[in-house]
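Inside the fold
Given next are the chains, with one letter for each unit.
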Amino acid sequence: MQKETVFNIKGMNCAACSASVEGALSRVEGVIYASVNLAANSAVVVSEDNVSEETLIAAVEKVGFGASVAKDGQMVTQDEHRFHKWEIFLALICGAIVMYIGMGAHWGWPLPSVISPDVAPLNYALIQLIITVPVIFAGRSFFTNGMKALLKGHPTMDTLVMLGTGSALVYSIVMTCFIPSDMHAVHSLYFESAAVVVALVLLGKYLEESSKNRAKSAISNLASLVPQDAVVVKDGQEQKIKAADVKKGDIVLVSIGQRIPVDGIVTEGQASVDQSTLTGESLPVFKEKGAKVSGGTLVADGVLHIEATNVGTNTAISQVVKLVVQAQQKKAKISRLADKISAVFVPAVTAIAIVAAVIWAIAGQDANFVVNIFVSVLVVACPCALGLATPIAVMVGTGRGAQMGILFRGGDIVETTGTVDTVLMDKTGTITKGQLHVTNVVSDNGDEEALVRLAATAEYGATHPIAKAIIEYAKFMDIEPKKPDSIKNVAGRGVIAQTKQGEVVIGTKEFMDIQGIPTEESRTPGTTRVYVAYNGDMLGVIALADEIKEDAANTVKLLHDAGIETVMITGDNEKAAQLIAVQAGIDRFVANVLPEDKAAEVQRVKDSGKKVAFVGDGINDAPALATADVGISVFGGTDVAADSSGVILMKDDTDSIAQSILLSRRIMRTIKQNLFWAFIYNVIGIPIAAGVWFAFGGPTLTPMFAGLAMAFSSVCVVLNSLRLSVYKKKQKKSVD
């Protein structure tokens, strides 16, 4: 047996941290798969059933990090800031003072004679040391965590900061000791580098944490929509209880301005309900007796009595939050390269810093230059940007998708959806409204009432859309169908019903041919035709039609504009399928497809080299949804269909089909931008810091500028990802 456990991880600050945690978890015996998400500070572990949570937590703690089991699979939606604001202000103020004193002597800035390097060199050094101490105190975690990680053999970004600024600080203290005997030692101080680098890195990490929290806002906002309290009506009395204590079948009272705490069915009252949190619909939806409502939605006006059908973690909003959280924890394949680099990044950078310093020392450069090179290389390198490039974009993008009523099951699904070039769609319920209605009844003997009565009897108790339409038409004609003695269903073909008077056969033309019942060419082209026979004799045809959804044509146009081929699959006859395909503007269609053959058709298209998404909603669509590269389950679909899908649409329209693919492409574009800037930053920054540019006549990179660049590199990646939070869906274009 296998199990999946989600952990909240504490203490991760860079990609090297997440790589260490992931490696530690993966090495535990019995662990099949481990994935650590830096942006979400979480880890998901798939292991054998005998692997205990305590063992996994111990493995994380062994490499210097904290771990706790995420309750109900929920990750922490807000991070605690690693640093306090007062520490940031203290470090920035003291760092600015030290920089002014340290750089003032070189740039001719006015300084009191008591701390002038020419008049009082020892005072000049000591005052910088004294003011640097508060900066080091504010950034003490860099040094404690960095040393801890180094001793455990898993160096991190903190280790780089510790080595770089620590080296500059120690070197400056040593030079200060030489000042009484050698005044020239005053020109070998790097207090301002140590202080300013620590201050800037502190500021950068604080901004990064703030940005990450903002990136999680979509999830935290969703989680906050679930009310904590509920008012239930028992024995005519209203009682206020915890929402978690509501039981299935309880009657819940919800008034204007309150959020519904459960999923349920309205038993009394009328109200407009704002469902934008779940579906993205901007306008409230009118609800009355018999209507379904979802937890987390807002009663805009009116009062409702609701019978609870799903409570607690089983409500729709809780499932949405769960799916969005899961999406953060599953990595996109594109992140693998960054993960591999991150695992060796810090040791490699440390080696580069040492080698560069040694080479310049051998080349005859003085100690000041060598220290400058060593510190700059360590400080300029930024594994954070690499580690955040993919997960932060997935986090923001999937959060935005949830606000639009589009749920992705993981970063891997986002990546695959972004590559789709062919969309196969089931007709009924996807392109059409799925509400068939009888358009015509053709009786061979002119007795339409008898024809409808026999058809309704054969379909007695069935829930298929065709059966529902025939039974509804019978009721319209005031015909009460009778229950047959026995029924034999042939999926996708028809029904054979036995009554006391005889045998009723109802189904497709092909089904009639199989039963040996002769049929004539239908006089109702462009419709779904159901043939009815009684005791082996053909009685006539019932024609049914389904209306195309209002936005279906615009959706197909959006897909075409994005270079995506559209294909409709249906069990309908050729003429009926052609009519809908023409109305929707679909490229091609495949008619007369049995439910069990849909998956084979999907596989056939995949085998032709296409990247396929299949869109469906029914139990019969589950194999096709699972076979496709991406399964997209439309609004109102069955649980089986949703479980077989990578993308779940919460809004009752076809526009969301196109928007899910377009949003995926936008997320992937953002990830590639992030990775590009993260790679190019390190590829360019590290060589410049190592003195490669200087070797060809260019300037060197001072530790202060290196620290500034490092501090804001990851912030830039996060800010670029945050643009997804205001992503606007592509507007529909008019269809000629």
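Because the structure is a prediction, the values reported are computed rather than measured.

Let us look at the pattern of salt bridges. On inspection of all chains with the given rule, the structure shows 11 salt bridges. Of the charged contacts, one joins Lys509 and Asp513 as a salt bridge, the two residues approaching to 3.9 Å between their closest N and O atoms. One end of the pair is Lys509 and the other is Asp513, both in helix H19 (residues 509–514) and four residues apart, which spans about a single turn. Judged by relative accessible area, which is 29%, Lys509 ranks as partly exposed. Asp513 gets classed as partly exposed once you look at its relative accessible area, which sits at 46%. Between Arg604 and Glu601 there is a salt bridge, with its nearest N and O atoms 2.8 Å apart. Of the two residues, Arg604 and Glu601 are both situated in helix H22 (residues 598–607); the distance of three residues between them amounts to about one turn of the helix. Residues joined in a network through salt bridges with shared partners are Glu565, Arg588 and Lys610.

For the rest of this paragraph, the subject is the sheet that holds strand S4 (residues 66–69). In spatial order, the strands read S2-S3-S1-S4; together these four strands make up an open sheet with antiparallel pairing. Here the strands that pair on one side only, and so sit at the sheet edges, are strand S2 (31–37) and S4. Here the strands of the sheet are splayed against their neighbours by 25° on average, with no regard to which way each runs. Across four bridges, strand S1 (residues 2–10) lies against S4 in antiparallel orientation. Considered in S4, the bridge of Asn8 is made with Ser68.

Running from amino to carboxyl end, helix H14 (residues 391–403) crosses helix H25 (residues 655–689) at an angle of 160°, the nearest separation of the two axes being 9 Å. The angle between H14 and H25 places the two elements in the roughly antiparallel class. Here H14 and H25 pass one another in a crossing that is right-handed. The residues of H25 that touch H14, namely those facing Ile392, Ala393, Val394, Gly397, Thr398 and Gly401, are Leu663, Ile667, Thr670, Ile671 and Asn674. Here the residues of the contact of H14 with H25 are counted per class, giving six nonpolar, five polar and no charged.

Right, let's talk about a positive patch on the surface for a bit. On the surface, Arg27, Lys62, Lys148 and Lys152 cluster together to form a positively charged patch. Looking at where Arg27 falls in the secondary structure, it is placed in the loop between helix H1 (15–26) and S2. The class of Arg27 is exposed, set by a relative accessible area of 57%.

A few words now on unusual backbone geometry. Even without a glycine there, the phi angle at Asp478 is positive, about 60°. Positionally, Asp478 belongs in the loop between helix H18 (465–476) and strand S15 (486–490). Phi is positive for Asn592, which is not a glycine, with a value near 55°. Summarising the element assignment, Asn592 is placed in the loop between strand S21 (588–590) and H22.

All right, on to the nonpolar core then. In this structure, Ile9, Leu25, Phe142 and Val423 are the most contacted members of the largest nonpolar core, which totals 142 residues. Top contributing element to this core by residue count: H25, with 13 residues. Once residues lying within four places of it in the same chain are set aside, the contact partners of Leu25 are Val31, Ala34, Val36, Ala43, Val45, Leu56 and Val60. Counting 23 residues, the second-largest nonpolar core is a separate cluster that includes Val452, Ile466, Leu539 and Leu544.

Looking now at the side chain of Ser272. With respect to the helices and strands, Ser272 occurs in strand S8 (residues 263–274). Judged by relative accessible area, Ser272 falls into the buried class, the value being 19%. Those residues within four positions of Ser272 in sequence are excluded, and the remaining contacts are Pro284, Val285, Phe286, Leu298, Val299, Ala300 and Asp301.

What follows concerns the packing of aromatic side chains. Evaluation of the coordinates by the stated rule reveals six aromatic pairs. Ring centres of Trp360 and Phe369 lie 5.2 Å apart, and the angle between their planes is 70°; this geometry places the pair in the edge-to-face category. The residues Trp360 and Phe369 share a single accessibility class, namely buried. Ring geometry for Phe676 and Trp677: centres 5.1 Å apart, planes at 75°, overall edge-to-face. Within the aromatic cluster, the residues linked to one another by ring pairs are Trp360, Phe369 and Phe694. Stacked on the ring of Phe137, the Lys or Arg Arg140 has its end atom at 4.3 Å from the ring centre.

Here we take up the sheet that holds S21. One open sheet holds the seven strands; their spatial order is S12-S24-S23-S22-S13-S20-S21, and the pairing between them is mixed. Every interior strand has two partners, whereas the edge strands, strand S12 (406–408) and S21, have only one. Pairs of neighbouring strands in the sheet enclose a mean axial angle of 20°, with direction left out of account. Pairing analysis gives four bridges linking strand S22 (residues 612–616) to strand S23 (residues 630–633), with the strands arranged parallel. Residue Phe614 lies in a different strand from S23, and its bridge partner there is Gly631. Here helix H21 (residues 574–584) sits on the sheet in contact with strand S20 (565–569) and S21, set at roughly 150° to S21.

With that settled, consider the packing of helix H4 (residues 121–138) against helix H6 (residues 157–178). Packing of H4 against H6 leaves a shortest axis separation of 10 Å and a crossing angle of 150°. Between H4 and H6, the interaxial angle falls into the category roughly antiparallel. Judged by the twist between their axes, the crossing of H4 over H6 is left-handed. Together, Leu122, Ala125, Leu126, Leu129, Thr132 and Ile136 of H4 and Leu169, Ile173 and Thr176 of H6 make up the contact between the two elements.

With that settled, the discussion passes to the pairing of strand S17 (residues 503–507). Burial analysis of S17 places four of its five residues in the buried class, the great majority of the element. In this structure, strand S16 (residues 494–498) lies alongside S17, joined through five bridges in antiparallel fashion. Across the sheet, residue Val495 finds its bridge partner in S17, namely Ile506. Two successive antiparallel strands, S16 and S17, enclose a turn made up of four residues. Examined bridge by bridge, S17 and strand S18 (residues 528–534) share four bridges and lie antiparallel to one another. Across the sheet, residue Val505 finds its bridge partner in S18, namely Ala533.

Reading the values: the criteria
Residues numbered from 1 in each chain as written. Predicted model: local features only at pLDDT ≥ 70, side-chain atom pairs only at ≥ 80, totals over all residues. Heavy atoms only, no water. Salt bridge = Lys/Arg side-chain N within 4 Å of Asp/Glu carboxyl O. Helix = DSSP H or I, 4+ residues; strand = E, 2+ residues; numbered from the N terminus. Buried < 20%, exposed > 50% of the residue type's maximum accessible area, 1.4 Å probe, protein only. Pairing = 2+ DSSP bridges. Axes fitted to C-alpha atoms, helices over the stretch in contact; angles between N-to-C directions. Parallel < 35°, antiparallel > 145°, perpendicular 65-115°, else oblique. Left-handed = near helix turned anticlockwise from the far one by under 90°. Contact = heavy atoms within 4.5 Å. Nonpolar A, V, L, I, M, F, W, Y, C, P; charged D, E, K, R; others polar. Patch = residues over 30% accessible without salt bridge, like charges linked within 9 Å, V, L, I, M, F, W, Y side chains within 5 Å. Areas by Shrake-Rupley, 256 points an atom, 1.4 Å probe, with all protein chains shown as cover. Lys, Arg positive; Asp, Glu negative; His and termini not counted. Charge placed at Lys NZ, Arg CZ, Asp CG, Glu CD. Core = buried A, V, L, I, M, F, W, Y, C linked by side-chain atoms within 4.5 Å. Phe/Tyr/Trp six-rings, centres within 6.5 Å; stacked < 30°, edge-to-face > 60°. Lys NZ or Arg CZ within 6 Å of the ring centre and 35° of its normal.

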